[in-house]
Structure formats: structure tokens, C-alpha cells
Amino acid sequence: MADLETPEKLKDELLSEVASAADLAALEEVRVRALGQNGAITQLMKALGSLPPEERKTQGQANNAVKLAVGEAIEARKAELEAADLTARLAQERIDVTLPPRPEATGCLHPISQTMDELMAIFGEMGFIVAEGPDIEDDFHNFTALNIPEEHPARQMHDTFYLPADEAGAAKLLRTHTSPVQIRTMMATPPPHRIVAPGRTYRCDSDITHTPMFHQIEGLVIDKSTHMGHLKGCLEDFCRAYFEVDDLPLRFRPSYFPFTEPSCEVDIGCSRADGELRIGAGDDWLEILGAGMVHPNVLANCGLDAEEWQGFAFGLGIERVAMLKYGIPDLRTFFESDLRWLRHYGFAALDQPSLVGGLAR
Amino acid sequence: MKFTLGWLREHLETKAPLGEVSDALTALGLEVEGVHDRAAELQDFVVARIKTAEPHPDADKLKVCVIDNGREEVQVVCGAPNARAGLTGVFAPAGTHIPGTGIDLKTAKIRGVESSGMMCSARELELGDDHSGIIELETEAAPGSSAADALGLSDPVIDIAITPNRGDCLGVHGIARDLAAAGIGALKPLMPATVKGGFKSPIGIALDFPEGDGAACPHFIGRYLRGVKNVESPAWLREKLLAVGLRPISALVDITNYFTIDRCRPLHVFDADTVAGNLTVRLSKAGETLAALDGNSYDLGDGACVIADEDGVLSLGGVMGGESTGCAEGTVNVLLEAAIFDPIRTAATGRRLGIESDARYRFERGIDPASTEPGIEAATQLILDICGGEASELIVAGEAPEPVQVFTFAVGDVAKRGGLEVTEARAKEILDALGFAAQPEAGGLRVTVPSWRHDIAGSADLVEEILRIEGYGKIPALPLARPTALPKPVATLTQRRTGFAKRALAARGLMETVTYSFIAGDHARLFGGGDDDLRLANPISSELTDLRPSILPALIAAAGRNADRGFPDLGLFEVGPVYAGTAPEDQALCAGGIRAGLAVPRHWAGAARDADAFDAKADALAILAECGAPVASIATVAEAPAWYHPGRSGVLRLGPKTTLAAFGEIHPGVLAAMDVAGPMVGFEVMLGSLPEGRAKAGKARPALELSPFQAVTRDFAFVVDAGVEAEALVRAVKGADKALITDAEVFDVYAGEGIEAGKVSLAVAVTLQPREATLTDAEIEAVGAKIIAAAEKAVGAQLRG
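Residues numbered from 1 in each chain as written. Chains lettered and ligands numbered in written order. Predicted model: local features only at pLDDT ≥ 70, side-chain atom pairs only at ≥ 80, totals over all residues.

### A closer look at the overall build of chain B
This is how it is decided: Helix numbers and strand numbers start at the N terminus; a helix is a DSSP run of H or I with at least 4 residues, a strand a run of E with at least 2. Taken over C-alpha atoms, the radius of gyration is set against a globule rule of 2.2 Å times the number of residues to the power 0.38. Buried residues are those with 20 or more other C-beta atoms within 10 Å of their own C-beta, exposed residues have 12 or fewer, and partly exposed residues lie in between; C-beta atoms are placed from the backbone. This entry defines residue contacts through backbone-placed C-beta atoms, with two residues in contact when those atoms are within 7 Å.
In terms of helices and strands, chain B carries 20 helices and 43 strands. For 801 residues, the compact-globule estimate of 2.2 N^0.38 gives 28 Å, and the C-alpha radius of gyration of chain B, at 42 Å, exceeds that figure by more than 25%. In terms of overall dimensions, chain B has C-alpha extents of about 125 × 85 × 60 Å along its principal axes. Among the 801 residues that make up chain B, the fraction classed as buried is 43%. When contacts within chain B are restricted to residue pairs at least 6 apart in sequence, long-range pairs at least 24 apart make up 68% of them.

Structure representation (C-alpha cells):
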């Protein structure tokens, strides 16, 4: 740059170069040419020293204005070019977001587990604790203590699975109901009692509505004052909570179980319009569970004074209530481990039922 | 138990309609299982008369009939051979649904002749198999009147379930008594009948039991009737039996069946001319047989209560009669039997011989011992009325047992146990109506249990009687008061762990299933079971014989079935019991699972991968972690049970003794034996073996200690012999400086080029966490040297060059 150009002319030239810089590299070249060590504006500044003092000030101001204007123009152009670059890069980085994400297996819980958890949630709120007993029982706990002596007609109704007899001739059996847990509880700990006992039960029976294994939940309340009115209230509260129908009608019918007296069977209201079963107020009834006041002989067999202690017991089929609530048509399918069935009727791992959080989604 | 409304009204004076009776029965505990109102089902069918019947112009076998149906005359084309002018039959107008064929009638042209409606056969009305012609009614009924009435079918049939305690309601009279007590009308007393015998029976009866077995038959009454005619029963009797599903046979047989249903008084008639000498009621002896009335021959064995003559056994008391002494058309002289048989022995005999009969059903539930004599008298009278003849004096052996139970019932028990207040007067009214003859006295009501109520033993039974008659619906429902305002946790530790295990596995992508506790014997043996002690004596199928030693076989079989359906990639688990013996403590809770096929499916972003032993190990560890087991202290040992691949399986142990879980590939031989395609991996976690965990005073966590100094990670690539276990190397590395080393993980395993044959390279990332000051290079160097030394000492590891 042999001739020092006038600041105004230089400014115009440089601004024009900045504006026409096509990319960041070109812009950098312009910047070096203008503001670099040997840049035009730098030269202009250096030349100030050779000017007479009176010119120096005005020339200096003019130079500064050029420097500022060119500097700002470079910054602005730089931001522009960077934005354009980013846009171009992002356009290149496009992916097909409609592709499926990496697969994750989803498992689920069996309806029996979920239903048991629902029952626990309800009975837990009512102050019941959970008790357990073995699947392989003896005659005493499964029958005799429950006031079902040998040759009692009720034994024939039970279709018991037996294991081989031992040396003494006593054969163990698979429990036919969860009621032996009543006996174990009353013999192991002193009253009062308020327990539920869910578990596997077995009967030698297999057809469209029976499987050789199924699940029951047993309930037992023993204290000094609980009577049939409490039994009704407890089971009404339970059925309405479980089926999530606030005005669900219940019907208590006299029935017979050797281990309860008085005994009852409990029906819930339903309707069957157009072949579809609906739980709730309707023109029909569905049997749902058996219950009654614990028989004085059962209390006596467990060493309790039947004059002092009293209470009720109930038993209900877990598959049955699950079928009714969730519209599962066939009992046998519960035990077939068919993947399609498990997925269709199963429950998510995070669906932990509770009365405050909601029982079923 | 089936009966008709009309039959009931013979015992109950009532105007209550069918619906009210039906509801009352259910409310009494006599649950109505079905009501068959045939009048309603046949309401469209009417009596009609054929006025004219002319040959069809175009068909030889058809006739064109003009029918008077009471409202109009209609033309019907009829193919029945007995269609003729003057016949009165059952007419179905067009539009009627014909139950026997399922067809809805339409007016149509048959071979060019219009036909509107039809005359029906018995089969078309589902009244029998007869389809040889149309029904011919012998009736005075006018055309247009109800066909059900004319057919004697207007009486609705009620079917009720009788619980085992209510043998007294296995007769219509007993049912009427309950209904009367509940206010549905008044019970009509049974007509007393006494027939004076005109001669002494030529056949004698003796009870012959060993001492102590007399209860088998304590009371037996017989009566000889001579000169009877075993005619067809009159229509009223045939219709009653047909209505309740019994086939009329002959008057003598029908009369015994009638008393069985009517008043729960089973009877038997022997053809007296086939009896040799006198009758003895005794116990059977091994080797004796009976050809019974059902056409089968039975080996009686010891101890059945039988009626025998001098030649042998004639009848099984309370169960079934014998063929040789059965009454037939030509029977002239008979011996009528009314007896009491022991419920327990009757049940045992019936069950042992596999005989079901109306008599057994009643005797095993207990017959009213006071019914024997009135029963035989009433039956004699009915035989004389229908069959004629002449009756002998009664032959009585033994006497009616009279276990009269009398006790005092505290009426307050109804409120105390039943939750319903009743006055003593009301309680007395109810009990009297049920036959308890209640007498007020100090402390309550003195009751005498009626002879027909074997199920009443004490106060609780009477509470039920009173509640039942008042109606359970009247008991006010009360909430069950909770002992504390807020509920307490209800689950035991094991139950909570069960829930954790299930939800953890479901979250890991496995599907929960529930399988039977029993499996096939050969499958049980493959998994360490198959003991005789655990084999069911009466399995329901050969596939479900042995209590399972493991959950895996059922899951493997299920995976096989799913693969056959086209779903080879799956993970299944079950949390449930396994059995090592028959004692309660031999039952253990196991969380078992399998994975088959692809663990990672084909995907555009990555490679597919088969499930392997490390998936199963991860599942097992996830359960243990979720259940609060000290996972950091768990050691993996390559010693799994025999049903796992010996080189690709292991157990997870806490200390030297406690095995918490096994995992690995299932042994290919086991899969082959089960005929399931592999490979497949599985795990079994014994939830009951997990340590209880220390009881803590509170739920507070220990204070969080955060070091202000940055942790440092250093990688070490070791070369070890191929047999060296990675866990041993890591344990050595961690032990090199327990204060500083907070973690060590194998992140690479390599063998091949660059590594000597028989050796393997294991790369370990070690985390050092200083707590006092930032680590200097020299300190890091020093720890590194210790790590290398420890690795070499423990497993001969060399730093990779």
C-alpha cells in the first residue's frame, strides 16, 4: 500500500470486501488485510505519527471511525456466515426420525399376582395381616380340625390329591382350600386374629371351569365381639372396593360349610344384557365367595374357648374374581403360559395397586 | 333336588306365585339352580282338532288338513301317518319357534299347497323321542286351549341345590316345612295312614350284626303284600316322576320312587316269590357278589350292609336292590321294605362300589328315623289303592334309634353371633315352625331337636336357623372397625421380596407366568426330583404327577410350546413354591426364569444377540439387589446343579455355605430329553435363603461422605492363564489397597493375536478415591505397583506388554 488512501475510501473498499466474503476463510483474509499487523487500517494508524499534531487529532478520529465500522462489519458478517454454516451442517445431519428406537423388552405381571396385590391393598387397609401355610398339608389341618371328620359328605366334595402314605399309614395331601391356615394361625398365636392367607390350592378336578390347581384367599377375624353384621360389612366394603363399583349390591344366602356356623354364600349384582356380563346393580346375581362365623368346634379344636372367642372366616377364588373384574373368559388359560395371553391380560411392572393411588388402571 | 310347584302345594297351603316361592327358597339356603316353566315355554302351542284330512294332490305321503285351532280354521299340509279327521293334537301357528327342531315356522307352499302352521310330534316339543306321528291328545279340552295344560305339563319344575347338612330337604315335605316357617303358606300335615294287616308275613326278617356294628341297620320294617297287580302307574304319578326326571317303570317301583321324593323316605320292594326263606340284614363277606338293578355285578367285599336270603345277597341296604328280586310285570307277591341305614357305611359302600342312587344320596345324609313306620304304612295304602292285593301285618326288626337332643338355647346368641336382634317370642315362633318345640325356661328356650335334623348340635346351629328364616338380608351390615386409624404394613419380609422380585423381573422384560405345582415324573427327575414321597397317589394326568423340585421344567416346556406357536424369543418367570419333601419346612419359595432365542432382536441400529448365561446372571443379581441382598459380597462359583451346562453356569453364594441362586445355560441333554429346542438360559433364586438383614433402629441412611478430591481411573491390561476366573483377579486388585480402591471392573476380555496361546487378556478399570489430598503421580504409581503385585501373587497375572 504505497499510497495512503483516504480513510473514507478505504472504509468503503473494506466494507465492500467484508460484504462479499463468501465464507469464513475469505472473511478472515479480509480481516487480516484490514486489521492485521500489516493491514490497511493498521498502516493508517501507524501513519498518524508522521502527521503534524494539528492534523493528527482529526485524522485519528477519522481512522478510529473506519476501524470501528470495519470491525463491526466483520463481526456481523462472521455471525451471518457461522449461522449459514450451522444451518448447512444441521441439514446434513438429518436422520429419519420415523425409524424405530432401539428395542427394549417389556415384561408384565400375571393377573393372579396383580389380583393378589389388589386384595392385599384392600384387606391391608382393613387391618388384616398376611399369614401363610404349606401347600402339602396333613389330614388334621385340612379336614379334621376344620370340623370335617372322616366320611363326612363334605370330604367327597373336595376331590383331594393325596401323597403316598407313610409307615404309620397317614397320607399327606395337597391342601384343598386355604382354610388350614386358619388352624395354623389360631394354634400358633393367641387371639385376637385378623389375617388373610392367599395361596395355591388343589383339587383333583379338571374341566372347562376347573383346573387341578387354583388360588384362594382366606380371611379370618377372631375376637370377642365380631359377628355376622361385621362379616357383611367387611365383605360389602371389600367387594365394592375391589370391583370399583360404589353401589354394588350384595346378597348373603344361607349355605353350608362344616367349619362355619352360621354359613353364607355371597352373590354380587350383575346384568347380562346382550350376552355381556356387567358387574353392578342388575337383574341377576353372581356367586363370589363363601363365609360364615367360625364353627365352635373349630375354635375348640384350636384350643380356644368358644364361649369367649368368636369371629368370621371367608374364602374366595382369586382366579374367579380376576376373571370377573378383567373379563377373562377361560380359567384354564391362566396356567397355559401362552405369551399372547400373558401380554394381553398382564399388568405393567409399575402398576402397584393401592387404595389411595388407585387399584387398577 | 327337583320338584314341581304343584307337588309342593300338596304339602304347603299357599297362594304364593312361582317367583316368590323361588326367591324364598334361595333366601332359606335352598338355592334355586333352575326353574323350568314349561307352560311358559309352550305358551304358543294350543290344542287343535283336525276337521278334514284329504290326500295332497301332488304327494302320496302328505295330507291337506283343515285345522280348528279355536280361533279360526287354517290349512296345514301334514306328513304324519296318523293325521286324520277327528284327531285332537297340538298345533303350532306360523311364527312359532319349534324347540325340537330349532325352526321358526313360516307360512309356506308345500308342493303347491299353502300350509300355515303345523301339528306337532312329541319330539318336536322335546317331550320324548317319538316322531312316528303327531301327538294324539285324549282330552276334553276345547281347541284353542293351552297345550301345556292338556299335556299335563303346566306345572313348573323347580331345581334346588341341597347342601350336605340338609338331608331333610331331600323330600318335598321338608322343603314345604322350611317355606312355611319363612311365612310362605302353611305346612299341611302328612296324611296318617294305618293299614291293618290281614295275615302274618310268610317271610321273616332278622338283624344279624356283630357286636358294635348294629348301627349299620338299627331298624327294618317289612310288609308282605299278596295278590298285587304291577300295573302301569296312573297318570298323576307318571307325570310327577317324569317332571322330576325319573322314568316311570311300573306301579310298584314308581311308588317307592314317589315316596323317596315326596317325603325323603326311600323304600324297596322285593318280588317275594324270588326270595328263598327268611331275610337277614347283615354285613357282607368278602367274595359275595350282587347283580344289581343297574345291570352291573358288584363284588361286595367286607362290611357292606346287605339284605340276604338263604341263598345269598339280594340287595345292598340303602344303596340299590338286586336284579333277581326286582319287580316285573308278572309280580304278584311282594315284600315292601322301609329301613334305617347308617350314613357313614352307606357312603363308604356306595363310594367303594361306585354306585350313585337316590337312596344312597339320602341315606348318607341321614334319613328321619321316625319316618320308617309312617312311610311303610302310607306306601302300603298307595300300593293297595293302585295295585290291589292284601297286606300282611308289619314285620319289625330292631327299633328306631332315638337320640333325642334337648338343650337350652340362649336367644341372645342371635344378636351376639348373628348380629340381629330377635325377641324370644319370635325365636320360639321360628323354632316351633321348624319342629323344635321350643319351651321358654330360665336362660332361654328349651329345644328338642326334631328327628329329621341331624345337623343341629348347638347354639350356633340355631342362630343360623333363626337368621335363615328371618333372612340374612335383615342383618345390619357394620363396618369392621380398624384397630388403628392408619393401616400397618401387612406383608412379611418374604412377601415383600416376592413382590420386589416379580416387579423387578417384569421391569427387565420378562413375562410372569403361573404353572402347576406338579409336573411329569421324568421332568422332575431331570431337575433333581422324582422322589416317591412327592408323587401324587391320584394324579389327574400322567403329565402332572410329581411335586416340582424346580420351577424351570414348566417354564422350559412353556417356552417350547410358545416356540411351536411361532414365538421363539421370550423370557418367562414364575415366583412360586418348590418342594424337597412333604414337611412344611421342605417347601421353599423360588424365583425362576428362562430366556430363549434372541435377547436383543434384529434391529437397524445394532446386531441381534442370543440370550446367554450373563443375561441369566444379570436377572438373578437384579432380584438379589432388589431384595436387599449384599450384592457386593456375593461370589460367583462355577458349580451349578446338573441341569445346567457344566461349562456355562454358576451359583451365587454368600459366604462359603449359603447358595442364593443358580444361573446359566440349560444343559443341552436336559433340553433334548424334554424335546425342546435350545439353547436356553435360566436362573433360580431361592428367596427364602436370603439373609434377613440386620434390624435397624430407624430408616435413616448413614451420613453421605463426599471426598473433595477427584477420583482417578486407571486401566490395567493383565495377561492370565485361560483358566483364571475374572472374579479372582478383580478380588486381588481390589484387595491391593482397600482404602484407596473403590471399584474395579473387567471391561475387556481378549484372546488371540498378540496373546500367547492358552492365555487371555483381562483389562480392568480401577477407580482410586483419595480422601486426604489429591493423588500425586508418585502415589498413583505406587498403588499401580501394588495392584500389579497383588494380581501376580493371586492369579499369576502379568501386565500386558
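### A short note on the overall build of chain A
Secondary structure assignment for chain A yields twelve helices and eleven strands. Relative to the 2.2 N^0.38 estimate, which gives 21 Å for 361 residues, the radius of gyration of chain A is 43 Å and therefore markedly larger than a compact globule would have. Here chain A holds 361 residues, and 45% of them are scored as buried. The long-range fraction of contacts in chain A, counting pairs at least 24 apart against all pairs at least 6 apart in sequence, stands at 66%.

### Regarding the packing of helix α6 (residues 235-243) of chain B against helix α7 (residues 251-263) of chain B
Residue and element names in this part refer to chain B. Quick reminder of the rule: Note on geometry: axes are lines fitted to C-alpha atoms, helical ones only across the stretch in contact, with angles between N-to-C directions running from 0 to 180 degrees. With respect to orientation, any angle under 35 degrees is reported as roughly parallel, any angle over 145 as roughly antiparallel, any angle of 65 to 115 as roughly perpendicular, and every other angle as oblique. Working rule for handedness: look at the near helix, and if it is turned counterclockwise from the far one by less than a right angle, call the crossing left-handed; if clockwise, right-handed. Each residue gets one label: Ala, Val, Leu, Ile, Met, Phe, Trp, Tyr, Cys and Pro are nonpolar, Asp, Glu, Lys and Arg are charged, and the others, such as Gly, are polar.
Between α6 and α7, the least distance of the axes is 10 Å, while the angle of their chain directions is 55°. One element, α6, and the other, α7, form an angle in the oblique class. For the crossing formed where α6 meets α7, the hand is left-handed. Within the contact between the two elements, α6 uses Leu237, Lys240 and Leu241 and α7 uses Asp254, Asn257 and Tyr258. Here the contact of α6 with α7 is composed, by residue class, of three nonpolar, one polar and two charged.

### Some details on the interface of chain A and chain B
Interface size is commonly expressed as the accessible surface area that is lost when the partners come together. Facing 69 residues of chain A, the contacting portion of chain B comprises 80 residues. For the side of chain A that touches chain B, the element with the most residues is helix α9 (residues 228-243) of chain A, which contributes eight residues. Class assignment of the residues belonging to the side of chain A that touches chain B gives a composition of 38 nonpolar, 16 polar and 15 charged.

### Let's talk about the packing of helix α2 (residues 24-35) of chain A against helix α3 (residues 40-47) of chain A
Residues and elements named next belong to chain A. Axis separation between α2 and α3 bottoms out at 3 Å; the angle between their running directions is 10°. With respect to α3, the axis of α2 lies roughly parallel. Contacts between α2 and α3 involve Arg33, Ala34 and Leu35 from the first element and Ala40, Ile41 and Thr42 from the second. Of the residues contributing to the contact of α2 with α3, the split by class is four nonpolar, one polar and one charged.

### As for the nonpolar core
As a reminder, the rule being used: Each nonpolar core consists of buried Ala, Val, Leu, Ile, Met, Phe, Trp, Tyr and Cys residues. Their C-beta atoms, within 7 Å, join them into a set.
Counting residues in hydrophobic clusters, the biggest one holds 90 residues, and the most contacted among them are A:Ala291, B:Leu431 and B:Ile466. The leading source of residues in this core is α9(A), at nine residues. Not counting residues up to four positions away in its chain, the partners in contact with B:Leu431 are B:Phe436, B:Ala438, B:Leu445, B:Val447, B:Leu462 and B:Glu465. Residues B:Ile205, B:Ala243, B:Ala304 and B:Ile307 belong to the second largest nonpolar core, which totals 82 residues.

### Points about the sheet that holds strand β16 (residues 219-226) of chain B
Residues and elements named next belong to chain B. What counts here: At least two DSSP bridges between two strands are required for those strands to pair.
Taken together, the four strands give an open sheet; going across it, the order is β17-β24-β16-β25, and neighbouring strands pair in antiparallel fashion. If you trace the sheet from one side to the other, it starts and ends with β17 (268-271) and β25 (390-398), each paired once. For this sheet, the mean inter-axis angle between neighbouring strands, taken without regard to orientation, is 20°.

### Description of the confidence of the model for chain B
Residues and elements named next belong to chain B. Put simply, the rule is: The pLDDT value tells you how sure the predictor is about a given residue, anywhere from 0 up to 100.
For chain B, the average pLDDT comes to 93, and 100% of its residues sit at 70 or higher. Averaged over each element, pLDDT in chain B is lowest for helix α3 (residues 38-41) (82) and highest for strand β29 (residues 511-512) (98). Predicted complex, confidence summary: ipTM 0.88, pTM 0.87.

### Some thoughts on the pairing of strand β4 (residues 171-174) of chain A
Residues and elements named next belong to chain A. With two bridges connecting them, strand β2 (residues 136-137) and β4 associate as antiparallel partners. Directly across from Ile136, in β4, lies its bridge partner Leu174. Inspection of the sheet shows strand β3 (residues 162-165) paired to β4 by two bridges, in the antiparallel sense. The residue bridging Ala165 from the neighbouring strand is Ala171, located in β4. Counting the residues between successive antiparallel strands, the hairpin from β3 to β4 contains five residues, one of them, Gly169, with a positive phi of roughly 90°.

### A look at the sheet that holds strand β3 (residues 31-36) of chain B
Residue and element names in this part refer to chain B. Spatial strand order, β1-β13-β3: three strands in an open sheet with antiparallel pairing. Each having just a single partner strand, β1 (2-4) and β3 make up the two edges of the open sheet. Geometrically, the sheet is characterised by an average inter-axis angle of 25° between neighbouring strands, direction not taken into account. With three bridges joining them, β1 and strand β13 (residues 157-161) adopt antiparallel strand pairing. Residue Lys2 lies in a different strand from β13, and its bridge partner there is Asp159.

### Quick word on unusual backbone geometry
Cis geometry marks the peptide bond from A:Pro191 to A:Pro192, where omega comes out at 0°. Cis peptide bonds are those with omega within 30 degrees of zero, and the linkage from B:Gly678 to B:Pro679 qualifies with -5°. Tracing the backbone shows B:Pro679 in the loop between α18 (668-673) and β39 (680-686). Residue B:Ala437 is not a glycine yet carries a positive backbone phi of 45°. Assignment of secondary structure puts B:Ala437 in the loop between α12 (424-433) and β27 (439-441).

### Quick look at α12(B)
All names here are of chain B. Put simply, the rule is: It is the directions from the helix axis to the C-beta atoms whose arc is reported.
Among all positions in α12, only Ala427, Lys428, Ile430 and Leu431 are buried. The arc that holds the buried residues of α12, viewed along the axis, is 165°, so those residues lie on one side. Summarising the contacts, the buried residues of α12 are in contact with α5 (172-181), α11 (412-418), β27, β28 (444-448) and α13 (459-470). Looking one or two residues past α12, Gly435 carries a phi angle of roughly 95°, positive in sign.

### Points about the pairing of β39(B)
Here is the key point about a regular strand: its side chains alternate between the two faces of the sheet. Residues and elements named next belong to chain B. Most of β39 is tucked away, with six of its seven residues classed as buried. Here strand β33 (residues 587-596) runs beside β39; their pairing, made up of seven bridges, is antiparallel. The residue bridging Ala596 from the neighbouring strand is Met680, located in β39.

### Quick notes on the environment of B:Ala148
Residues and elements named next belong to chain B. Mapped onto the elements of the fold, Ala148 is located in helix α4 (residues 147-150). Along the backbone, Ala148 and Asp44 are 104 residues apart, and their C-alpha atoms lie at a distance of 9.6 Å. Setting aside its immediate chain neighbours within four residues, Ala148 contacts Arg38, Ala39, Leu42, Leu153 and Ser154.

### Things to note about the environment of B:Gly678
Residues and elements named next belong to chain B. Looking at the secondary structure, you find Gly678 in the loop between α18 and β39. With 19 C-beta atoms packed within 10 Å, Gly678 lands in the partly exposed category. Leaving out residues up to four positions away in the same chain, Gly678 has contacts with Ile666, Pro668 and Leu671.

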